[in-house]
Every structure is written in C-alpha cells, then in structure tokens.
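# Working through the structure, step by step
Listed below are the residues making up each chain.
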Amino acid sequence: MLRQEINTLLTPIHGFLHCQTPDSWIEAAIQPDNQSILLRDHANCELKASQTAMWLIRKYAVDAASGEQLLAWAKPYEDFVYRGVRDGIFHARKNGLSAPLTPKVGFAHGQALIDKMVRLIKEEFHHFEQVIEIMDARGIRYQPLEAGRYAKGLMRAARTHEPATLVDKLIIGAYIEARSCERFAKVAPHLDDELQKFYISLLRSEARHYQDYLTLAETIAGKDIRDRIQTIGEREAELIQAPDSQFRFHSGVPA
Ligand SMILES: [Fe+2]
Ligand SMILES: [Fe+2]
C-alpha cells in the first residue's frame, strides 16, 4: 500500500480517536518477549470481532434458523480456539453461509446490519486464519490468553436500554476497529518484514469496519449521536492512556 493511501485511511481515524497509541506501548510491543503474546492476542481479537458481529446479527436481525447458520460458520474456529480441535483448514471464504440470512420482521435495519456484518465476519475470520498461519510458520502454538481489560471496559460505557444499547455497542465497535487500525499502522514500521506487510494489509478492511459500524450506529439511532461518540471516545482514550499491568493488543500504558 502506498504511503499516500495509508495517510488517506488514517486521517479520519486519527480525527475520530481522542489520542494516539503511546510510544511506551510500541516499545513494549517490539520486545521479543511480547511477540508471541502480540500474535496470540491478535488472533483472539480477530475471532472476537467475528463473534461480536455474529452476536449482533443473531440478537437483532435474524430468525433462529439463520442464527443456527451463523453458529455453524463459527464452529471450526471455536473448536480450534476453545477445544483444541483443528482439521487443518478453516473455511472463511469458501464456506461462509450455506444460504442468505433471513431478516426477522419488526427490525427496520435488519438487512443493512446483516449485509455489513456478514462481510465483516468473513474478513475477520480470514484475518484470524492469516494470524494462525504466521504463528504456525514461526512455531508459535496457539494457546488461550486471558482477555485484557479494553473491550470489557468499553462495554461498560454502553447504556442499558434499547435501542440505546445497540447504538452504543455499534459505536464501541467503531472505536475498537479504529484503534486496531491506528495501532497496526503505528507498530508496523517497528516489526519484521512479514508482520509489517501483514499489518499494513489489514488497514484497508479495518478502516472500512470502523466506518461501517459508525454508519450503522447513525442510521439505527435516527438522530444525532455526537454526544455518545464523544463519551465513548473519551472512555476509549482513558483505557489507552491509563497504566495497565497486562500487555495486550489493546492494552494501556505498560505499568
Ligand atoms: Fe480484522
Ligand atoms: Fe475489523
């Protein structure tokens, strides 16, 4: 990707985020000791991104039969991560869904949510596979890793009545995607060639994921959501700038 294209992708992301990744996080990320944590946690983040999008579709947009289809799509990945079962091949792009999902009646934005989230799920599963391939080649075994505080901390900012919960969760999704994009771009120049290329290759889809989440939040809210974007953005920046005892892909300032 050309420098100019990277800058075009990053400009709105830097405008959306309230702070940049602190240099001390970058310093921790390039420590040899943290390389396997970075990759393992990155794999988790990609899976989590797919699962969250699936959960949103299942909760808000589709009937039970379509929900089952989504669960079947996720199964090989979850078997691998939670049960150590691996048939050697995942099927993100080949399998996907056996039939189009059916929007349930009564939710006006079901099709929009399905369309954007299905594309996102496909891409996140593909990213997951790419991380696992890199880990395989480096002899890093996938082992579960306790999740950091970041996503949980953001979710606490979501309001607890609908449709506000959905709108807030979509804004949170936008922040997670935007932060990932910013962090990939910032850490990439400090990594080896393969990871550098890989991280830069992720920028385009993560930048679109952030836009998609934000567009969905605005459409579904049907009103001005700038105050919610502001509140959640402040919370996000606090999590990124506060001392954090754990090193993770989205962790704060290394304590
Ligand atoms: Fe991703
Ligand atoms: Fe993403």
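Keep in mind it's a predicted model, so treat the numbers as computed, not measured.

Quick notes on the rules
Residues numbered from 1 in each chain as written. Chains lettered and ligands numbered in written order. Predicted model: local features only at pLDDT ≥ 70, side-chain atom pairs only at ≥ 80, totals over all residues. Heavy atoms only, no water. Donors = N, O, S within 2.8 Å, 3.2 Å for Na, K, Ca; no water. Tetrahedral: all angles 85-135°; square planar, octahedral: opposite > 155°, others 65-115°. Helix = DSSP H or I, 4+ residues; strand = E, 2+ residues; numbered from the N terminus. Buried < 20%, exposed > 50% of the residue type's maximum accessible area, 1.4 Å probe, protein only. Phe/Tyr/Trp six-rings, centres within 6.5 Å; stacked < 30°, edge-to-face > 60°. Lys NZ or Arg CZ within 6 Å of the ring centre and 35° of its normal.

## Describing the coordination of the iron ion (ligand 1)
Looking at the iron ion (ligand 1), one finds its protein donor set to be Glu46 (OE), Glu124 (OE), His127 (ND1) and Glu206 (OE), positioned 2.0 to 2.2 Å from the metal centre. Geometry at the iron ion (ligand 1) is irregular, judged from the 4 donor atoms that bind it and their angles of 86 to 139° at the metal. Counting along the primary sequence, the residues that act as donors to the iron ion (ligand 1) give the motif E-x77-E-x2-H-x78-E. Separating the iron ion (ligand 1) and the iron ion (ligand 2) is a distance of 3.5 Å, and Glu124 donates to both of them. Within this pair, whereas Glu124 is found in helix 5 (residues 110–137), its partner Glu206 is found in helix 8 (residues 193–221), the two being separated by 82 residues in sequence. Judged by its relative accessible area of 1%, Glu124 is buried. Residue classification places Glu206 among the buried residues on the basis of a relative accessible area of 2%.

## What about the environment of Glu129?
Within the secondary structure, Glu129 is located in helix 5. By relative accessible area, which is 17% here, Glu129 ends up buried. Once the C-alpha coordinates of Glu129 and Gly252 are considered, the two residues, 123 residues apart in sequence, prove to be 26 Å apart.

## Brief notes about the packing of aromatic side chains
Counting across every chain of the model gives 14 aromatic pairs. On the basis of an interplanar angle of 85° and a centroid distance of 6.1 Å, the ring pair of Trp25 and Phe249 is categorised as edge-to-face. Of the two residues, Trp25 sits in helix 2 (residues 23–29) while Phe249 sits in the loop between strand 1 (243–244) and strand 2 (253–254), which places them 224 residues apart along the sequence. Their ring planes at 40° and their centres at 5.0 Å tell us that Phe184 and Phe249 sit as a pair that is tilted. Separated by 65 residues along the polypeptide, Phe184 in helix 7 (residues 164–187) and Phe249 in the loop between strand 1 and strand 2 bring together distant segments of the chain. Residues Phe184 and Phe249 agree in their burial class; the two are buried. Within the aromatic cluster, the residues linked to one another by ring pairs are Trp25, Phe184, Phe198, Tyr199, Phe247 and Phe249. When the ring centre of Tyr60 is taken as reference, the NZ or CZ atom of Lys59 above it lies at 5.5 Å.

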